[in-house]
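Examining the three-dimensional arrangement
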Amino acid sequence: MRVLVSESYNIAWFTLADFVTRGEKERALSMHRLLMHSVQDVAIAHQLEGDILLAFADDGAIDKYYTAAILYKQSGKYQQAISVCLQVSLFKEDERILEVLLDMYVLSNNKSGTLEAFSRLAKVCISQNNTELLQKIFDDHFLQSSKLMQALLTARLVRAFLLYDEENKSITKYMHKTLDLFQASLQSSELQQTDLQKFLSEVKVLNFDEYKKAEIYLGNNL
């Protein structure tokens, strides 16, 4: 009897894959609902539904992936949450997904991942004129970070404003904060001089006027 049940289960999965391959969306979703009765992990169920919707270029996939990522996060499965967020980000950069991705990298103590996720989130927020959300996210992570990480996060914020905010309304405030943090980190030996020079070189390429202002500010605060 167990063999028959197992064979039926495998056939159902093959049938689901076949529906997706043939472009039969509703039949694929109906089969998914039947199969999920036997899946105990709710996060996996939402992730699979996201996979099906993604196969049909349905934006509803984002909601399913987001729910799956949150459930993985709540159960401490950080790597699974990261994988889900990275997968959906290839399809569309969504604020909610990128915010979860950022949280997961922070909780995993992944510095490079944290900085990259923050950069991507900053791009989306600025492009959508949602600077209030960006400010909140920045403040939350800034306050929880070391001086070195504060410097690197603020540098990423400056870079995002230079790239995606034509008016650069907040650039001076954050530029000064970045330079102050870099100098403080240099004095405490947390940061290498090359890191500051790399930041200044990026600013010089992106906006020469802001680079000259940064040089003057540094000269006045040595």
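For the structure, check the block above.
First, a word on what this report is: a plain description of the structure on this page. (Residues numbered from 1 in each chain as written. Predicted model: local features only at pLDDT ≥ 70, side-chain atom pairs only at ≥ 80, totals over all residues. Heavy atoms only, no water.)

**Here's the deal with the overall build of the chain**
Note the threshold: Every helix listed is a DSSP run of H or I at least four residues long, and every strand listed is a run of E at least two residues long, numbered separately from the N terminus. Exposure is judged per residue with a 1.4 Å probe applied to protein chains only, and the accessible area is read against the type maximum: over 50% gives exposed, under 20% gives buried, and values in between give partly exposed. All accessible areas in this document rest on Shrake-Rupley with a 1.4 Å probe, and a residue is counted as covered only by the protein chains that are shown.
Secondary structure summary: the chain contains twelve helices and zero strands in total. Moving toward the C terminus, one meets the helices and strands of the chain in the order α-α-α-α-α-α-α-α-α-α-α-α. Residues counted as buried form 42% of the 222 residues belonging to the chain. Working note: accessible area of the chain is about 12400 Å², and carbon and sulfur atoms make up 51% of it.

**With respect to the packing of helix α5 (residues 78–91) against helix α6 (residues 95–107)**
Operational definition: To obtain an axis, a line is fitted to C-alpha atoms, over the contacting stretch when the element is a helix, and the angle between two such axes runs from 0 to 180 degrees between their N-to-C directions. Should the near helix be turned anticlockwise from the far one by less than a right angle, the crossing is left-handed, and should it be turned clockwise, the crossing is right-handed. Contacts between residues were defined by any pair of non-hydrogen atoms, one from each residue, lying within 4.5 Å.
One can describe the packing of α5 onto α6 by two numbers: an axis separation of 9 Å at closest approach and a directional angle of 145°. The hand of the α5/α6 crossing is left-handed. Along its contact with α5, which presents Tyr 78, Ala 81, Ile 82, Cys 85, Leu 86, Val 88 and Ser 89, the element α6 presents Ile 97, Leu 98, Val 100, Leu 101, Met 104, Tyr 105 and Leu 107.

**Structural notes on the nonpolar core**
As a reminder, the rule being used: Only buried Ala, Val, Leu, Ile, Met, Phe, Trp, Tyr and Cys residues count toward a nonpolar core, and they belong to the same one when joined by side-chain atoms within 4.5 Å.
Ranked by size, the top nonpolar core spans 66 residues in total, and within it Leu 179, Phe 199 and Leu 200 carry the most contacts. Here this core takes eleven residues from helix α9 (residues 147–164), the largest share from any one element. Ignoring any residue separated from it by four or fewer positions in sequence, one finds Leu 200 in contact with Leu 179, Tyr 211, Ala 214 and Leu 218.

**What to know about a nonpolar patch on the surface**
Our working definition: Exposure above 30% relative accessible area and the absence of a salt bridge qualify a residue for a patch, where like charges join within 9 Å and nonpolar side chains (Val, Leu, Ile, Met, Phe, Trp, Tyr) within 5 Å. Just to be clear on terms, a salt bridge is a Lys or Arg side-chain nitrogen sitting within 4 Å of an Asp or Glu carboxyl oxygen.
On the surface, Leu 163, Tyr 164, Val 205 and Leu 206 cluster together to form a nonpolar patch covering roughly 350 Å² of accessible area. Looking at the nonpolar patch, the elements that each hand over two or more residues are α9 and α11 (193–206). Tracing the backbone through its elements, the reader meets Val 205 in helix α11.

**Looking at the environment of Asp 59**
Within the secondary structure, Asp 59 is located in the loop between α3 (42–55) and α4 (60–74). Of the residues examined, Asp 59 reaches a relative accessible area of 45% and is grouped as partly exposed. Counting along the chain gives 32 residues from Asp 59 to Phe 91, while the straight-line C-alpha distance between them is 9.1 Å. Not counting chain neighbours up to four residues away, the residues in contact with Asp 59 comprise Phe 91 and Lys 92.

**What to know about the pattern of salt bridges**
Tallying each qualifying case throughout the model produces twelve salt bridges. Across the pair Asp 140 and Lys 136 runs a salt bridge whose closest N-O atoms are separated by 3.0 Å. Of this pair, Asp 140 and Lys 136 both sit in helix α8 (residues 131–143), separated by four residues, roughly a single helical turn. According to the relative accessible area criterion, Asp 140 is partly exposed, its value standing at 33%. The class for Lys 136 is partly exposed, based on a relative accessible area of 49%. Between Glu 210 and Lys 213 there is a salt bridge; the shortest N-O distance is 3.5 Å. Of the two residues, Glu 210 and Lys 213 both sit in helix α12 (residues 208–220), three residues apart, roughly one turn of that helix. Judged by relative accessible area, Glu 210 falls into the buried class, the value being 8%. Taking relative accessible area as the criterion, Lys 213 reaches 46% and is therefore assigned partly exposed.

**Some points on α12**
Structurally, the α-helix is built with 3.6 residues per turn, so residues lying three or four positions apart point the same way. For clarity, the threshold we go by: Multiplying 1.5 Å by the helix residue count minus one yields the expected span of that helix. It is the directions from the helix axis to the C-beta atoms that the arc portrays. In the analysis that follows, any N or O atom pair within 3.5 Å is treated as a polar contact, provided that within protein one partner can donate a hydrogen and the other can accept it, and provided that, for residues neighboring in sequence, both atoms belong to side chains.
In this model, α12 (13 residues) spans 19 Å end to end at C-alpha, consistent with the 18 Å of a helix rising 1.5 Å per residue. Along α12, the residues that are buried comprise Glu 210, Tyr 211, Ala 214, Tyr 217 and Leu 218. Relative to the axis of α12, the buried residues are bounded by an arc of 120° and lie together on one face. Counted as exposed and oriented over 90 degrees from the buried face of α12: Asp 209, Ile 216 and Asn 220. Sitting at the head of α12, Asn 207 places a side-chain oxygen 3.2 Å from the backbone nitrogen of Asp 209.

**Structural notes on the environment of Ser 185**
Take Ser 185: it is sitting in helix α10 (residues 171–187). Sequence separation between Ser 185 and Ala 151 is 34 residues, and the spatial gap between their C-alpha atoms is 7.7 Å.

Bear in mind that shape data such as this cannot, by itself, settle questions of function.
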